[in-house]
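Chain residues, written in single-letter form:
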Amino acid sequence: MATVRLDQKSRALTRAIPTSFDRALAKFFGSGPTDIALAQHQHAAYRQAMIDAGIEVTILPSDNNHPDCTFVEDQAVVIDGHVLLPVPGHPSRVAEQPPIAEFITRQLSGTKICRMQGDARMDGGDILRLGNLFFVGRSSRTNDAGIEELRDLLAHLGHELRVIDIPEHALHLTSISSTPTDSVIFAPQGFLPEDAFGELPDGCEVKWMPAEEVYGCNTIGLPNGQVLIAEGYPTVLKTLVEMGLDPVVLDMSQIREADGSLTCCSLFF
Ligand code: CIR
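Residues numbered from 1 in each chain as written. Predicted model: local features only at pLDDT ≥ 70, side-chain atom pairs only at ≥ 80, totals over all residues. Heavy atoms only, no water.

(A) Examining the sheet that holds strand β4 (residues 82-85) more closely. As summarised here, the arrangement of the three strands in space is β3-β4-β5, forming an open sheet in which the pairing is mixed. The two strands at the open ends of the sheet, each matched to only one other strand, are β3 (77-79) and β5 (113-115). Averaged over neighbouring strand pairs, the angle between their axes works out to 20° when direction is ignored. Bridging between β4 and β5 involves three bridges; their strand directions are parallel. Paired with L85 across the two strands is R115, which belongs to β5. (Pairing = 2+ DSSP bridges. Helix = DSSP H or I, 4+ residues; strand = E, 2+ residues; numbered from the N terminus. Axes fitted to C-alpha atoms, helices over the stretch in contact; angles between N-to-C directions.)

And the structure:
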């Protein structure tokens, strides 16, 4: 999940892969999963890697009526303990939200829950956090009205929001970028203008990866110095090692077939 700083990553929500996963939406990285047992195995390894890193991981049951239900990142936005429940940008994904919303509101009882209204649309996967600076992708799933609702919440919390236009051949901002630490952004060359992220705070930088490693740019940095990365992206791997971090390589092949990246499969709260 891309809306929490490293020091805020202690608990993560996940959701099991449904038996209908082969019908998940797939248009960008994949053409649809073909091996559900393998996908479930990969998801189990993903959860275990987080548990091994000291994260408290919860798994909600899957919903076979919603092939994309594993991708919980899109369904709720948790920022500094505040919750924004977006209206997901794809109609087939709207009804995935209630059990996730119910779990999160129970866990964070006492916090104000905002629900997106009217025509506003947003997938949580369009939000990226670098320390206390936020970016949002304007994409096929996230519209201007959704962005304004996020801006209102961030203004209340005193955080800046910058908007990045996502190219048509990409799904979300986090499909093409991530923050393995609170001071570094990984992004692929050629997908975004070089100044897309604007001027960054002192000590922060964008590390541009080769375009063919776009899927590898999605990583999950963890408080213990480990960084979860997908298998098969050598520049991403080498860069993390050079940064003194400890990469944990996961086979994501079947999850990638459903256009899902590492961050999509969890919601830190
Ligand atoms: C979808 O198209 O919505 C899913 N098949 C993939 C969602 C991936 N989520 C993400 O990037 N945050």
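Let us keep going from here.
(B) How the structure looks around the pattern of salt bridges. This structure, assessed with the given rule, holds 12 salt bridges. A salt bridge links R5 to D7; its shortest N-O distance comes to 2.9 Å. Residue classification places R5 among the partly exposed positions, given a relative accessible area of 21%. For D7, a relative accessible area of 56% translates into the label exposed. Note that R138 is salt-bridged to D165, the shortest N-O span being 2.7 Å. (Salt bridge = Lys/Arg side-chain N within 4 Å of Asp/Glu carboxyl O. Buried < 20%, exposed > 50% of the residue type's maximum accessible area, 1.4 Å probe, protein only.)

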